[in-house]
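Structural features, examined
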Amino acid sequence: MEAYRQGLSIYFLKWWNVVDTLITFTFLLAYIVWLSAWGYYEQEWKPRKAAFIVADGIYATATVLSYFHLAHIFQVNSVLGPLQLSLYRMLKDVLKFLAIFLLLYIAFATGVVKIYSYYVACQLELQKQDYNESTKYQVSHPYGRHTGSFIGMFWLLLGMVEEEKIAVDDPAFYLTSTFGRIFIIGHVICTVIVALNMLIAMMNNSFDGIMAGEGGGTKEEIEIGRDNHGAQTDLLEAVSGEQTRMEVMKRLVEEYLVDRYVDKWAEHKVNTRALRP
């Protein structure tokens, strides 16, 4: 009803209206998926079916989003209000960090997959060549596929390092585990130590700017406003000075025309009257 009275364009300009709409549609989608699955399976609940699990996941997502709406009451608090505002302003910094983080994450994960997939391929080939089957070969590795590599590299960011997953069983391929460790160490250094600290510095800078602006904008916005105000002042002074010069020139021209032509016209009239009989 509120969207109908205000209009969609005006209604969705407010962030909380977008959140409310998203929460409502997520709850509705969860019920629609659950009821559709219930009707598809002859009005019987089968918890092992994927449709019911998906519906439960969507409902859980809507529940999480509904708790975000409680942040709306923070605006009336003098302490939590600026923090909430700073969180919105920091979203740009977070997006910049995610772009750099994903680039580093995908790069190192792909490199680790390449290293261990070569090891697995070699083990499979050696197994084919071993007709006696006297040696046990490692035909799979946790980092040999993209799925395992991406999951393992993510848990490494939280400090969950499992040395047995990095090592290999065949001692002839010790260089594989060595290069794997080098890539993993580089991944942790670049993403956790460098990129994460860069994000913290960017967010602190944004928060300091908001607190310095006291709700009037960040430091950059204040400086831009000052520059614009200074530029407008200079422009007004230049315009007023130009107008003053134009007025002076106009008066000089008028005086020149008066001296040159009006006096001559008066003299001409006097001479004309004197010549009349």
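Residues numbered from 1 in each chain as written. Predicted model: local features only at pLDDT ≥ 70, side-chain atom pairs only at ≥ 80, totals over all residues. Heavy atoms only, no water.

**Brief notes about the pattern of salt bridges**
To keep it simple, the criterion reads: Just to be clear on terms, a salt bridge is a Lys or Arg side-chain nitrogen sitting within 4 Å of an Asp or Glu carboxyl oxygen. Burial classification: accessible surface area is computed with a 1.4 Å probe over protein chains only, and a residue below 20% of its type maximum counts as buried, one above 50% as exposed, and the rest as partly exposed. Only DSSP runs of H or I reaching four residues or more are called helices, and only runs of E reaching two or more are called strands; each is numbered from the N terminus.
Here the structure, examined in full by the defined rule, presents two salt bridges. Here Lys165 ties to Glu162 by a salt bridge, and the two come within 3.1 Å at their closest N and O atoms. Assessed through its relative accessible area of 33%, Lys165 is described here as partly exposed. Residue class for Glu162 comes out partly exposed when judged on its relative accessible area of 31%. Between Glu163 and Arg181 there is a salt bridge whose closest N-O contact spans 2.3 Å. You can see Glu163 sitting in helix H8 (residues 163-166) and its partner Arg181 sitting in helix H9 (residues 174-213), a full 18 residues away along the chain. Given a relative accessible area of 39%, Glu163 falls into the partly exposed group. For Arg181, a relative accessible area of 29% corresponds to the partly exposed category.

**Here's the deal with the side chain of Ser149**
Worth spelling out the cut-off: Any pair of N or O atoms that falls within 3.5 Å is considered a polar contact. Within protein, one atom must be able to donate a hydrogen and the other to accept it, and sequence-neighbouring residues count only if both atoms are side-chain atoms.
Structurally, Ser149 is set in helix H7 (residues 146-157). A relative accessible area of 0% means that Ser149 is categorised as buried. Only 3.1 Å separates the side chain of Ser149 from the backbone oxygen of Ala109, close enough to count as a polar contact.

**Here we look at a nonpolar patch on the surface**
Let me state the cut-off plainly: Here a patch means residues that are over 30% exposed by relative accessible area and free of salt bridges, tied together within 9 Å if like-charged and within 5 Å if nonpolar (Val, Leu, Ile, Met, Phe, Trp, Tyr). Calculation of accessible area relied on Shrake-Rupley with a 1.4 Å probe; when residues are assessed, cover is drawn exclusively from the protein chains displayed.
A cluster of nonpolar residues, Tyr31, Trp34, Leu35, Trp38, Trp45 and Tyr59, forms a patch on the protein surface that exposes about 650 Å² of accessible area. Following the sequence through the fold, Trp45 ends up in the loop between helix H3 (15-40) and helix H4 (50-68). For Trp45, a relative accessible area of 54% corresponds to the exposed category.

**Some points on the packing of aromatic side chains**
Worth spelling out the cut-off: In this analysis, rings of Phe, Tyr and Trp, with Trp reduced to its six-membered ring, are considered paired at centre separations within 6.5 Å, and the interplanar angle assigns stacked below 30 degrees, edge-to-face beyond 60, and tilted for intermediate values.
With the rule as written, the count across this model stands at twelve aromatic pairs. With a centroid separation of 5.0 Å and 85 degrees between ring planes, the pair formed by Tyr40 and Tyr41 is classed as edge-to-face. Assessed through its relative accessible area of 66%, Tyr40 is described here as exposed. Geometrically, the ring pair formed by Tyr116 and Tyr143 is tilted, given 5.8 Å between the ring centres and 35 degrees between the ring planes. Pair noted here: Tyr116 is in helix H6 (residues 91-129) and Tyr143 is in the loop between H6 and H7, with a separation of 27 residues, a long-range link. An identical accessibility class is assigned to Tyr116 and Tyr143; each is buried. In textbook terms, an aromatic cluster arises when at least three aromatic residues are bridged by ring pairs, as seen for Trp34, Trp38, Tyr40, Tyr41 and Phe52.

**A few points about the confidence of the model for the chain**
Threshold: pLDDT expresses, on a scale from 0 to 100, how confident the predictor is about each individual residue. Residues are treated as being in contact if the distance between any of their heavy atoms lies within 4.5 Å.
When pLDDT is averaged along the chain, the result is 75, and 68% of the positions lie at 70 or above. Across the chain, H4 holds the top mean pLDDT of 89, while helix H10 (residues 219-275) sits lowest at 49. Low confidence marks residues 214-239, where pLDDT is under 50. Its contacts with residues over four positions away, or in another chain, come to 16 contacts. Low pLDDT, under 50, characterises residues 268-272; the stretch is placed with zero contacts to residues that sit more than four places away or in other chains.

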